[in-house]
Amino acid sequence: MNPATVSPSDLQALWVTLRLAALTTLSLLLLGTPLAWWLARSGSRLRAPIEAVVALPLVLPPTVLGFYLLLAMGPNGPLSGLSMAFTFAGLLLGSMVYSLPFVVQPLRDSFAAVSEQSLEAAACLGAGPVNRFFNVVLPLARPGYVTASVLGFAHTLGEFGVVLMIGGNIPGQTRVLSIAVYEHVETLDYARAHLLSAGLLIVSFALLLVVYASGVGRKVVR
Amino acid sequence: MNPATVSPSDLQALWVTLRLAALTTLSLLLLGTPLAWWLARSGSRLRAPIEAVVALPLVLPPTVLGFYLLLAMGPNGPLSGLSMAFTFAGLLLGSMVYSLPFVVQPLRDSFAAVSEQSLEAAACLGAGPVNRFFNVVLPLARPGYVTASVLGFAHTLGEFGVVLMIGGNIPGQTRVLSIAVYEHVETLDYARAHLLSAGLLIVSFALLLVVYASGVGRKVVR
Amino acid sequence: DEIRIAVAANFTATLQRIAGDFTRASGHRVLISSSSTGKHYAQIRNGAGFDIFFAADAERPALLEQQGIGVPGSRFVYATGRLALWTRGEAVVGDPADVLRGGRFARLAIANPRLAPYGLAAEQALRAWQLWDKLQPKLVRGENVGQAYQYAATGNAEWGLVALSQVLAREPRVRGSYAIVPATLHTPISQEALLLRPSRAGEAFLAFLRGDAAAQVLREAGYAAPGRS
Amino acid sequence: MSLLVDTRVRKGDFELKVSFEVPASGFTAVSGPSGCGKTTLLRTIAGLEPGADGRVSVAGECWQDRACRLPTHRRAVGYVFQQAALFPHLDVRGNLLFGRQRRPAVRAALAFDDVIELLGLARLLARAVHGLSGGERQRVAIAQSLLSSPRLLLMDEPMAALDRASRQTLLPYLEALQRTLDIPVLYVTHALDEIARLADHMLLIQAGRMTASGPVSELLTRLDLPMAQGREAGAVIRAQVSGHDDLDQLTRLAFSGGQLWVPRVALEPGTAVRLRILSRDVSLARKTDPDSSILNSVPVSVVDVVEAGAAEVMVRLCAGADTLLTRVSRRAQRHLEIVPGRRLYAQIRSIAALV
Amino acid sequence: MSLLVDTRVRKGDFELKVSFEVPASGFTAVSGPSGCGKTTLLRTIAGLEPGADGRVSVAGECWQDRACRLPTHRRAVGYVFQQAALFPHLDVRGNLLFGRQRRPAVRAALAFDDVIELLGLARLLARAVHGLSGGERQRVAIAQSLLSSPRLLLMDEPMAALDRASRQTLLPYLEALQRTLDIPVLYVTHALDEIARLADHMLLIQAGRMTASGPVSELLTRLDLPMAQGREAGAVIRAQVSGHDDLDQLTRLAFSGGQLWVPRVALEPGTAVRLRILSRDVSLARKTDPDSSILNSVPVSVVDVVEAGAAEVMVRLCAGADTLLTRVSRRAQRHLEIVPGRRLYAQIRSIAALV
Ligand SMILES: Nc1ncnc2c1ncn2[C@@H]1O[C@H](COP(=O)(O)OP(=O)(O)OP(=O)(O)O)[C@@H](O)[C@H]1O
Ligand SMILES: Nc1ncnc2c1ncn2[C@@H]1O[C@H](COP(=O)(O)OP(=O)(O)OP(=O)(O)O)[C@@H](O)[C@H]1O
Ligand SMILES: [Mg+2]
Ligand SMILES: [Mg+2]
């Protein structure tokens, strides 16, 4: 075992990971926004069941969740036509399912905290629903977006069970950093595992520090 | 392999799991409350770094996190005196570290959403800090507590990497349901894996449905 | 007495059967902890209280022994795995190499060669067939041979180079077809065990494992029995 | 071409059921006790009460009836809420521009700078919303709605949080608005002086039902309504400028009952003005006293006398075609023989000319 | 044994720096233009402005000085906020009981039922807070603070959101409070009639500085202060009940300048009362006119005359030891030769006896 350096394949894994985490977070924010809004504001009787379904991916161990996703993507599964298994797209789908609750729940809470009065005032000033959303809800729900992004992004960074299961650990495509670290631990290459972990932690810490110190996630004082 | 039935060892695992998830959630709510409160209200310069540290457990793959916890608990680690490794207590600690952000972040957001005005009004009516917390903050932050509990509990239910690493999969002590399901999948006992997964999902769904339908997590209309 | 055993995931089911027989014969209770060999290694080094370690490879028990962990001289090969090329569908499988050379498939599942002995064996076999480089784009790697099997079992990979023990243990509903990869094409998949601390019950269990009854179970499960590979 | 409302809303135990039509321009005062449904009425018109059915139409434009129901943002209302609802994420300027950017400016839209100056907001433009004082918030909210080019202005006690000085600055401006803007204004207030100064028309609501509606001048002098009861009771009459006295800086006004002197107002002879004459400013005498500081004395005849407490009576007088109110003691009633038909002189101490 | 405040707070560009001492019981009115610092002052006293330094002591109890600084919940204040801050998670009853349960009841604590009845809250007790109308919210907030057994009451425009009828119901009750409760009340208001009826003492704030403080009767008649400027200007004087006239249901009052008749008040002869006499209700004449509906006429002498607009002057009169204000036209000034020292008769049209 050579002195701990970061191998090219680890760098490749880093790149895949960042892409995956960023895309997952972004897609979840996009998809999660209408869902969370509906959950926060709807009086429908479907609300509670759907809220429960959103939290369900959490309950299964990631590997098992991955296994079922794999079944779904298999030849007899409902998603067979899309041939998602062992592709980046499949990975993205899996990560999204897995991180869904971490994005939707904070968004929902922050939407619920937007006062009806602000929305009514905006409507009276001529702002239609879309306009209200972008100019009133979004700025007021900012802390929720930051929490959702941090949880979603970090959770995808550290994710591993689902990703391993669906991705098949193909270098450059579906081999992510968490798998690389795991491999190093499993193969007793502790020095390199420490190095990667420390790198991951330091970079994440720096990133989180910037986010939190900027105050972008703090509530607007009312 | 016999027709899929739930074996006594699976039931044992279920019991360990429920205890673990309940204790983890409870302990995290207790510990997370002052931490989240401080994060939501403090103007200290330590706020941002601590907020970042809280989110860090997310970044590492669970197994790797478990590995480091194991090192810490091992003979040369800082926690060696407590002999936590391979005990339920160690599992609890590991789960708590792992699920910390899922409890602290929703709590923090919901604390931040409690209006200063309500607190001031309560102070003027003679309510001291503790009193204010229990009679004003807690009821107003209820949605945050529900989200934190759901995320924390479910995340511990499904948790597996950390638990496997620190716990050592000892039946009756540290063998949790997620490991059992994983084992069934690994040992190709799919029928039993399906059964356990379905059971887990159905029970969780029912539980979540009750929580959400009761409206206990809905914001008090302002 | 109670024996605590750490066993590699791929051998868990077989060991459970043997342990059941052993308990019935001797009255000693057996607690089985199943996990990946890498995890068990880390746990044992950090003081886990296992009596016996059944690894998925020969490397980790040897390392432990070097570090002075375990009862000296107790290490031995308890089973030797066989590699099989398997598909869940129906196919005529003559020579596995022909199937793979034909190339009419999108994915071949193997265990990660860096992590799992079965993966390493699969790599060696593929190299022997001179398919290793050609098949690179089609390879998907599981963390362990269990996952490699799942890739094939769910049909996401048409073929898998998996453990014979898995193929034999498959669910009755999954028909499947397989061919055994000649053992000459790869270094033996030797799974070693190490007695971690001396105990009568532990030694009794190891003795039972070497016995005829256990040998029968091992053979049925798709392993070559200890010392007879 | 008017504001037409015929609606019915239930909220818990409370039901609002009103139907009225008010002129398409000018202020209509909405008054009534706490909890009677004033805010609910305004919310219904703005389309903020989903449970409201019935009809709302503004200047011929249908906002709501059986067939159509415009969402709030399609209704060009300016709404000053009872508790100012500013956007906490925008500074004062951002709040002011919010509506302006979203609705096409109409004809006589107000200039940003004018509104800012009038409401004394220049100093506050860059401020965050959360440090504003109560009155400052309310002024920002008023400016915000004025700047949003509404076709109908709904104002829910807009000046309750303001001090007298701010109120006095604002009032004439609001009066000016009604002439320049040419849109109807529904103005909720408890203050009779605001009603008298601003409103031509008035709605009185009690427990969810409209108990009276009509011209302010008529409603304020109806002895059966609460407005004629308190110390602020008074009449509103119309007059015309008929001349000025430069020496004393007085203006002479002609009305149906004679002539009145008021502190000089800068208006051409012939201009119509509105006068508010409080019942407390009117006293009765058998003859005019030339040696009093009271400037005005007009012949009147008693129309109606009703009890007002044990010691006093409220007297409705007619002066020409106009109505005046006064409250006198029973002793004076006896003394001056105040009964319907009796002719006396009304001495008017103070007159507010509401331009 | 008084309320003593000597403090200094900065908020952004704004600085409040005031120092005053007011009596330990009775109402002290706090007035001044929007944004002058009234709310900031109240918050400082309640301990809600962390940046405030200086001294606050209430009836001998030190709440804040260099050595000590009680947190808000240790200061037994009742605070009615400018925008009612009710707890959204409690119903009306829960809100009312919140303070009551937390602070030991003091001597003359108010009975729950009395407060409920007075403020008309019985119907609302089980209601959620979010459906309340603006006035209902404010009434609940007032009741809440009254029920919390305070040693000092801080009221920030408590009646701004109320209609006249609620105001009239509440005013006498607040007056009664001041006698029964025996605690000081700081009462922010823009309404001169509330000041006159409720307050003995008054603070005037402008741009963060105290520009005047003293007894209401003095401040209201100081011609250099804004209170003597508007249409609501008037004097407050003390008088004593001296008899009743049962036929006319009038009460005779004696004050330093003579006697006055007011609608009967149910008080024993000898009882002290406070009277508010608006400048607009006072007119001047050379002699008394027995044939007028005006009941009261007292001899006065002119003290001071200042301009009030182009057409009018404000006249300060002394009647015995008391001061009255009146506003007359320049024409009348000339006609009646109103200059300091001149003796005339003041005809007083209407007098509010503030019991
Ligand atoms: N954080 C801040 N930054 C700058 N200025 C502030 C801040 N907070 C308050 N102010 C200013 O302090 C002044 C006093 O505010 P305060 O609320 O005490 O006024 P007020 O007398 O109660 O007025 P109102 O009658 O309108 O309620 C205001 O001009 C306000 O704009
Ligand atoms: N959700 C509800 N459930 C029951 N009653 C309600 C609800 N919402 C409003 N109300 C009642 O409807 C009535 C009318 O309320 P509204 O706000 O229109 O009164 P308002 O005339 O504006 O009073 P104010 O002058 O005090 O502001 C009130 O009595 C109020 O309590
Ligand atoms: Mg209202
Ligand atoms: Mg204020």
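Below you will find a few notes about this structure. Just so it is clear, the model here is predicted, and its values are computed rather than measured.

**Notes on the site of ligand 1**
Lining the immediate environment of ligand 1, one finds 19 residues, of which R127, S133 and G135 of chain D together with T39 and T40 of chain E sit closest. Neighbouring residues of ligand 1 are not confined to a single chain but are spread across chains D and E. Separating an oxygen atom of ligand 1 from a backbone N or O atom of G135 of chain D is a distance of 2.6 Å. Between T40 of chain E and ligand 1, the recorded distance is 2.5 Å, taken from a side-chain N or O atom to an oxygen atom. For ligand 1, whose unbound accessible area comes to 650 Å², protein coverage reaches 90%. Secondary structure elements with two or more residues in the shell around ligand 1: α4 (134–146) of chain D together with α1 (38–46) of chain E. The class makeup of the residues in the shell around ligand 1 is two nonpolar, twelve polar and five charged.

**A word on the interface of chain B and chain A**
Listed as interface residues are 58 residues of chain B and, on the opposing side, 58 residues of chain A. Summed over both partners, the interface of chain B with chain A comes to about 4,900 Å²; 71% of that surface belongs to carbon and sulfur atoms. Connecting chain B to chain A are zero salt bridges. Counting across the interface, chain B meets chain A through 16 residue pairs in polar contact (both at pLDDT 80 or more). Elements represented by at least two residues in the side of chain B that touches chain A include exactly α1 (8–41), α2 (47–55), α3 (62–73), α4 (88–112), α7 (142–158), α9 (177–186) and α10 (190–213) of chain B. Take the side of chain B that touches chain A: its biggest share by element is twelve residues, from α10 of chain B.

**With respect to the coordination of the magnesium ion (ligand 4)**
All names here are of chain E. Protein coordination of the magnesium ion (ligand 4) is provided by T39 (OG1) and Q82 (OE1), with donor distances spanning 1.9 to 2.2 Å. Taken together, the residues span a long stretch of sequence, with T39 in helix α1 and Q82 in the loop between β6 (77–80) and α2 (92–102) at a distance of 43 residues. Assessed through its relative accessible area of 21%, Q82 is described here as partly exposed.

**Side note on the relation of the copies chain E and chain D**
When chain E is fitted to chain D, the residual RMSD is 0.1 Å, and the transformation amounts to a turn of 180° plus an axial shift of 0.1 Å. A rotation of that kind, with that shift, is consistent with a two-fold axis. Residue A160 of chain E of chain E places its C-alpha closer to the rotation axis than any other residue of that unit, at 2.6 Å. Mapped onto chain D, 100% of the interface residues of chain E are again interface residues, and the two copies thus contact each other with one and the same surface.

Cut-offs applied
Residues numbered from 1 in each chain as written. Chains lettered and ligands numbered in written order. Predicted model: local features only at pLDDT ≥ 70, side-chain atom pairs only at ≥ 80, totals over all residues. Heavy atoms only, no water. Near = heavy atom within 4 Å. Polar contact = N/O pair within 3.5 Å; in protein donor to acceptor, adjacent residues only side chain to side chain. Areas by Shrake-Rupley, 256 points an atom, 1.4 Å probe, with all protein chains shown as cover. Helix = DSSP H or I, 4+ residues; strand = E, 2+ residues; numbered from the N terminus. Nonpolar A, V, L, I, M, F, W, Y, C, P; charged D, E, K, R; others polar. Contact = heavy atoms within 4.5 Å. Buried area = accessible area lost by both parts, 1.4 Å probe. Salt bridge = Lys/Arg side-chain N within 4 Å of Asp/Glu carboxyl O. Donors = N, O, S within 2.8 Å, 3.2 Å for Na, K, Ca; no water. Buried < 20%, exposed > 50% of the residue type's maximum accessible area, 1.4 Å probe, protein only. Least-squares fit on C-alpha atoms with pLDDT ≥ 70 in both.

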